[in-house]
Amino acid sequence: MSDGVLILRLAHIVARLGLAMTGAVGATFVAALLMRAELPWFDTVEFTVVLIVLGMIGAYLGIDVSRWPQLQAGPVHRSQVIGLASATGTFLAAGAGLLALYAFVLDETSDAAGNLLFGATWMLGVCMQIGAGLVGRRRITQVKDG
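Residues numbered from 1 in each chain as written. Predicted model: local features only at pLDDT ≥ 70, side-chain atom pairs only at ≥ 80, totals over all residues. Heavy atoms only, no water.

> Would you mind going over the side chain of Gln129 with me for this structure?
The topology assignment puts Gln129 in helix 4 (residues 112-145). Residue classification places Gln129 among the buried positions, given a relative accessible area of 4%. With near-sequence residues (within four places) excluded, Gln129 lies in contact with Gly58, Ala59, Leu61, Gly62, Ile63, Ser86, Gly89, Thr90 and Ala93. (Helix = DSSP H or I, 4+ residues; strand = E, 2+ residues; numbered from the N terminus. Buried < 20%, exposed > 50% of the residue type's maximum accessible area, 1.4 Å probe, protein only. Contact = heavy atoms within 4.5 Å.)

See the structure below:
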């Protein structure tokens, strides 16, 4: 393996880890906002850790779904749907995280239902990211193996 390829792979891994950290940051603020809903299951360290891990996985898998040249031989509409699901999930998760950051930092008061809506929107976005990332990577391995 040449030095150039090794450096590119290392740069890709570092970038993916940076995206995962960004997902963790958004998840932390969503968890902090959900704690304000004063529901007992949201006010735990375990719940916060689960959200952070999900945020990291979602950002790592869902952002930048690989588009290999082999995918062009298959049905294009499938890869477009995967890309749209990933992009929509990223938008929802990032938007909910940004609004949670705003509400938390500026100490905005909102009702529990509003906080739960932010949490549900973030969770939907992360689930879309994870799903799109897994389906996209599964398609790539199928194309490579087939």
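> Could you clarify how one ought to interpret the nonpolar core in this entry?
Where a protein is soluble and globular, its nonpolar side chains tend to be buried together. By size, the foremost hydrophobic cluster in this structure holds 17 residues, and its most contacted members are Val30, Leu34, Phe42, Phe47, Leu51, Trp122 and Val126. Elements represented by at least two residues in this core include exactly helix 1 (3-35), helix 2 (45-62), helix 3 (76-105) and helix 4. Take this core: its biggest share by element is five residues, from helix 1. What Val126 contacts, discounting residues up to four positions off in sequence, is Leu54, Gly55, Gly58, Gly89 and Ala93. (Core = buried A, V, L, I, M, F, W, Y, C linked by side-chain atoms within 4.5 Å.)

> Is there a simple way to think about the pattern of salt bridges in this case?
Close approach of charged atoms allows side chains with opposite charge to pair. Taken as a whole and judged by the stated rule, the model has one salt bridge. A salt bridge links Arg36 to Asp107; the shortest N-O distance between them is 3.3 Å. Of this pair, Arg36 sits in the loop between helix 1 and helix 2 while Asp107 sits in the loop between helix 3 and helix 4, and the two are 71 residues apart along the sequence. (Salt bridge = Lys/Arg side-chain N within 4 Å of Asp/Glu carboxyl O.)

> Help me understand unusual backbone geometry in this model?
Most peptide bonds are trans, and most residues other than glycine sit at a negative phi. Look at Glu38: it is not a glycine, yet its phi comes out positive at around 55°. With respect to the helices and strands, the residue Glu38 is situated in the loop between helix 1 and helix 2. On the basis of relative accessible area, Glu38 is assigned to the exposed category, the value being 69%.

> Where do I start with the packing of aromatic side chains in this structure?
Geometry of an aromatic ring pair is reported as the spacing of the ring centres plus the angle between the planes. With the rule as written, the count across this model stands at three aromatic pairs. Ring geometry for Trp41 against Phe42: centres 5.8 Å apart, planes inclined by 70°, an arrangement best described as edge-to-face. Under the relative-accessibility criterion, Trp41 is labelled exposed at 53%. Three or more aromatic residues joined by ring pairs make a cluster, and in this case those are Trp41, Phe42 and Phe47. Of note, Arg16 hangs over the ring of Tyr60, and the distance from its end group to the ring centre comes to 5.0 Å. (Phe/Tyr/Trp six-rings, centres within 6.5 Å; stacked < 30°, edge-to-face > 60°. Lys NZ or Arg CZ within 6 Å of the ring centre and 35° of its normal.)

> Sorry if this is basic, but what is going on with a nonpolar patch on the surface here?
On the surface, Val45, Val49, Val53 and Ile57 cluster together into a nonpolar patch covering about 320 Å² of accessible area. Among the secondary structure elements, Val49 is positioned in helix 2. (Patch = residues over 30% accessible without salt bridge, like charges linked within 9 Å, V, L, I, M, F, W, Y side chains within 5 Å. Areas by Shrake-Rupley, 256 points an atom, 1.4 Å probe, with all protein chains shown as cover.)

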